[in-house]
Amino acid sequence: MIVRLYQFFISPFIGKNCRYIPSCSEYMILSIKKYNILKAIWITIIRIMKCNPWGKSGYDPI
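What counts, and at which threshold
- Residues numbered from 1 in each chain as written.
- Predicted model: local features only at pLDDT ≥ 70, side-chain atom pairs only at ≥ 80, totals over all residues.
- Heavy atoms only, no water.
- Helix = DSSP H or I, 4+ residues; strand = E, 2+ residues; numbered from the N terminus.
- Expected span 1.5 Å × (residues − 1).
- Buried < 20%, exposed > 50% of the residue type's maximum accessible area, 1.4 Å probe, protein only.
- Arc of directions from axis to C-beta.
- Polar contact = N/O pair within 3.5 Å; in protein donor to acceptor, adjacent residues only side chain to side chain.
- Phe/Tyr/Trp six-rings, centres within 6.5 Å; stacked < 30°, edge-to-face > 60°.
- Lys NZ or Arg CZ within 6 Å of the ring centre and 35° of its normal.
- Salt bridge = Lys/Arg side-chain N within 4 Å of Asp/Glu carboxyl O.
- Axes fitted to C-alpha atoms, helices over the stretch in contact; angles between N-to-C directions.
- Parallel < 35°, antiparallel > 145°, perpendicular 65-115°, else oblique.
- Left-handed = near helix turned anticlockwise from the far one by under 90°.
- Contact = heavy atoms within 4.5 Å.
- Nonpolar A, V, L, I, M, F, W, Y, C, P; charged D, E, K, R; others polar.

### Thoughts on helix H3 (residues 37–50)
Between its first and last C-alpha, H3 extends 20 Å over 14 residues, near the 20 Å set by a 1.5 Å rise per residue. Taken together, the buried positions of H3 are occupied by Ala 40, Ile 43, Thr 44 and Arg 47. The arc enclosing the buried residues of H3, seen along the axis, measures out at 105°, which places them on a common side. Away from its buried face by more than 90 degrees, H3 exposes Leu 38, Trp 42 and Met 49. Measuring from the backbone nitrogen of Leu 38 back to the side-chain oxygen at the start of H3 gives 3.3 Å, which picks out Asn 36 as the cap.

If you want it as structure tokens, here you go:
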């Protein structure tokens with residue numbers, strides 16, 4: 001799975017910089033388990049768009 005590859009090979013080099021808990025990659029994995037792949041992609045895109053300097057931070061459940 002592409003998200004797991006990102007978590008193991010790319011994420012360790014860029015560090016823990018996520019504003020939300022769970023991180024966006026973990027959010028994607030959880031949303032795939034809860035919904036179908038298309039809805040998971042859609043809500044993850046929305047989540048990534050919320051991650052900006054003027055956005056919120058903290059716990060953001062699926």
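### Re the packing of aromatic side chains
Scanning the entire structure with this criterion turns up zero aromatic pairs. The aromatic ring of Tyr 27 is capped on one face by Arg 47, whose charged end is 4.4 Å from the ring centroid. The ring of Tyr 20 has Lys 50 lying over it, and the distance from NZ or CZ to the ring centre is 5.7 Å.

### Some thoughts on the pattern of salt bridges
Inspection of every chain in the model, using the stated rule, returns two salt bridges. Note that Asp 60 and Arg 47 form a salt bridge whose closest N and O atoms lie 3.5 Å from each other. Of this pair, Asp 60 sits in the segment after strand E2 (58–59) while Arg 47 is found in helix H3, placing the two residues 13 residues apart along the sequence. For the pair shown, Asp 60 and Arg 47 are each scored as buried. Put simply, Asp 60 and Lys 50 hold a salt bridge, and the shortest N to O gap is 3.2 Å. You can see Asp 60 sitting in the segment after E2 and its partner Lys 50 sitting in helix H3, a full 10 residues away along the chain. For Asp 60, a relative accessible area of 13% corresponds to the buried category.

### Quick notes on the packing of helix H1 (residues 2–14) against helix H2 (residues 24–34)
Between H1 and H2, the shortest axis-to-axis distance is 10 Å and the interhelical angle comes to 155°. In terms of orientation, H1 lies roughly antiparallel with respect to H2. Handedness of the crossing formed by H1 with H2: left-handed. Across from Val 3, Arg 4, Tyr 6 and Gln 7 in H1, the residues of H2 making contact are Ser 25, Glu 26, Met 28 and Ile 29. Among the residues forming the contact of H1 with H2, the class breakdown is four nonpolar, two polar and two charged.

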